[in-house]
Amino acid sequence: MGMRRGLAGVLVLGLVVGGAAACSDDDDGGGAATETTTTPADGGGDEETTTESEVMAANDAVIQEYCDAKDAYNALLDESLADPENGDLQDQLRDASGRLGEASDAVAPVVENFTPEQQAQWEECQAA
């Protein structure tokens with residue numbers, strides 16, 4: 001039972017690390033203090049600016065969703081291993097796996113933008 005859970009954790013970690021590595025190819029090595037993204041607002045030619053605090057808040061939300069999805073998946077995995085004939089649990093596990101995959105996809109491109117505090121939170125989530 002523990003081996004299957006361990007393999008699932010390694011797979012998820014591999015996806016996250018692989019995604020982060022793939023996204024780091026365009027890293028300019030600058031580590032700018034403020035990241036600004038501009039996009040046209042409502043097609044009118046105005047620009048919206050994403051501030052550093054908005055990026056940090058978005059990263060916090062992405063980290064939290066990943067950790068919540070991982071915890072939910074692990075709990076359902078344990079339950080399903082204890083009761084493999086329970087079709088409802090298998091369905092819930094499949095849904096939880098999809099949620100975890102989506103959360104992993106969301107966190108991969110922002111890992112390189114984590115603050116030191118977010119990096120610590122991320123590492124704690126990975127270790128749990």
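Everything below is about the structure shown above.
Residues numbered from 1 in each chain as written. Predicted model: local features only at pLDDT ≥ 70, side-chain atom pairs only at ≥ 80, totals over all residues. Heavy atoms only, no water.

Student: What am I meant to see in the packing of aromatic side chains here?
Tutor: Two measures describe an aromatic ring pair: the distance that separates the ring centres and the angle between the ring planes. Evaluation of the coordinates by the stated rule reveals 2 aromatic pairs. Seen in terms of ring centroids, Tyr66 and Trp122 are 4.9 Å apart; in terms of plane orientation they differ by 55°. Their pairing is tilted. One end of the pair, Tyr66, is in helix 2 (residues 52-82); the other, Trp122, is in helix 4 (residues 116-127), with 56 residues separating them in the sequence. The two residues Tyr66 and Trp122 agree in class, both being buried. Among the aromatic residues, those joined into a ring-pair cluster are Tyr66, Phe114 and Trp122. (Phe/Tyr/Trp six-rings, centres within 6.5 Å; stacked < 30°, edge-to-face > 60°. Helix = DSSP H or I, 4+ residues; strand = E, 2+ residues; numbered from the N terminus. Buried < 20%, exposed > 50% of the residue type's maximum accessible area, 1.4 Å probe, protein only.)

Student: Would you mind going over the environment of Asp71 with me for this structure?
Tutor: Along the chain, Asp71 turns up in helix 2. A residue is classified by how much of its surface remains accessible, and Asp71, at 44% relative accessible area, is partly exposed.

Student: What is the right way to look at the pattern of salt bridges in this model?
Tutor: Two side chains carrying opposite charge are able to pair once their charged atoms lie near each other. In the structure shown here, the tally under the stated rule is 2 salt bridges. Ionic pairing is found between Asp91 and Arg94, a salt bridge with its closest N-O pair at 2.5 Å. Of this pair, Asp91 and Arg94 both sit in helix 3 (residues 87-107), 3 residues apart, which is roughly one turn of the helix. (Salt bridge = Lys/Arg side-chain N within 4 Å of Asp/Glu carboxyl O.)

Student: Can you help me understand the nonpolar core in this one?
Tutor: Note on soluble globular proteins: their nonpolar side chains tend to be buried together. Ranked by internal contacts, the top residues of the largest apolar core, which has 19 residues, are Tyr66, Tyr73, Val107 and Phe114. Mapped by element, the contributors of at least two residues to this core are helix 2, helix 3 and helix 4. Of all the elements, helix 2 adds the most residues to this core, at 8 residues. Those residues in contact with Phe114 that lie beyond four places of it in its chain are Asn59, Ile63, Val107, Gln119 and Trp122. (Core = buried A, V, L, I, M, F, W, Y, C linked by side-chain atoms within 4.5 Å. Contact = heavy atoms within 4.5 Å.)

Student: What's the story with the state of the cysteines in this structure? I'm lost.
Tutor: As used here, a disulfide is simply a covalent bond connecting the sulfur atoms of two cysteines. Scanning all chains against the criterion turns up 1 disulfide. Between the sulfur of Cys67 and that of Cys125 lies a disulfide, 2.2 Å long from S to S. Here Cys125 lies in helix 4 and Cys67 lies in helix 2, a separation of 58 residues in the sequence. Both residues of the pair, Cys67 and Cys125, belong to the buried class. (Disulfide = S-S within 2.5 Å.)

Student: Please clarify how the side chain of Lys70 should be interpreted in this entry.
Tutor: Looking at where Lys70 falls in the secondary structure, it is placed in helix 2. Buried and unpaired, Lys70 has Asp71 as its nearest opposite-charge partner, separated by 4.4 Å. Leaving out residues up to four positions away in the same chain, Lys70 has contacts with Leu100, Cys125, Gln126 and Ala128. (Lys, Arg positive; Asp, Glu negative; His and termini not counted.)

Student: What exactly am I supposed to notice about the packing of helix 2 against helix 3 here?
Tutor: How two helices pack is summed up by the angle between their axes together with the distance between the axes. Closest axis-to-axis distance for the helix 2/helix 3 pair is 8 Å, and the angle between their directions is 155°. Between helix 2 and helix 3, the crossing angle belongs to the class labelled roughly antiparallel. Like other packed secondary-structure pairs, helix 2 and helix 3 cross with a definite hand, here left-handed. Contacts between helix 2 and helix 3 involve Val62, Glu65, Tyr66, Asp68, Ala69, Lys70, Ala72, Tyr73, Leu76, Leu77, Glu79 and Ser80 on the former and, on the latter, Leu89, Gln90, Gln92, Leu93, Ala96, Ser97, Arg99, Leu100, Ala103, Ser104, Ala106 and Val107. Within the contact of helix 2 with helix 3, the residues separate by chemical class into 14 nonpolar, 5 polar and 5 charged. (Axes fitted to C-alpha atoms, helices over the stretch in contact; angles between N-to-C directions. Parallel < 35°, antiparallel > 145°, perpendicular 65-115°, else oblique. Left-handed = near helix turned anticlockwise from the far one by under 90°. Nonpolar A, V, L, I, M, F, W, Y, C, P; charged D, E, K, R; others polar.)

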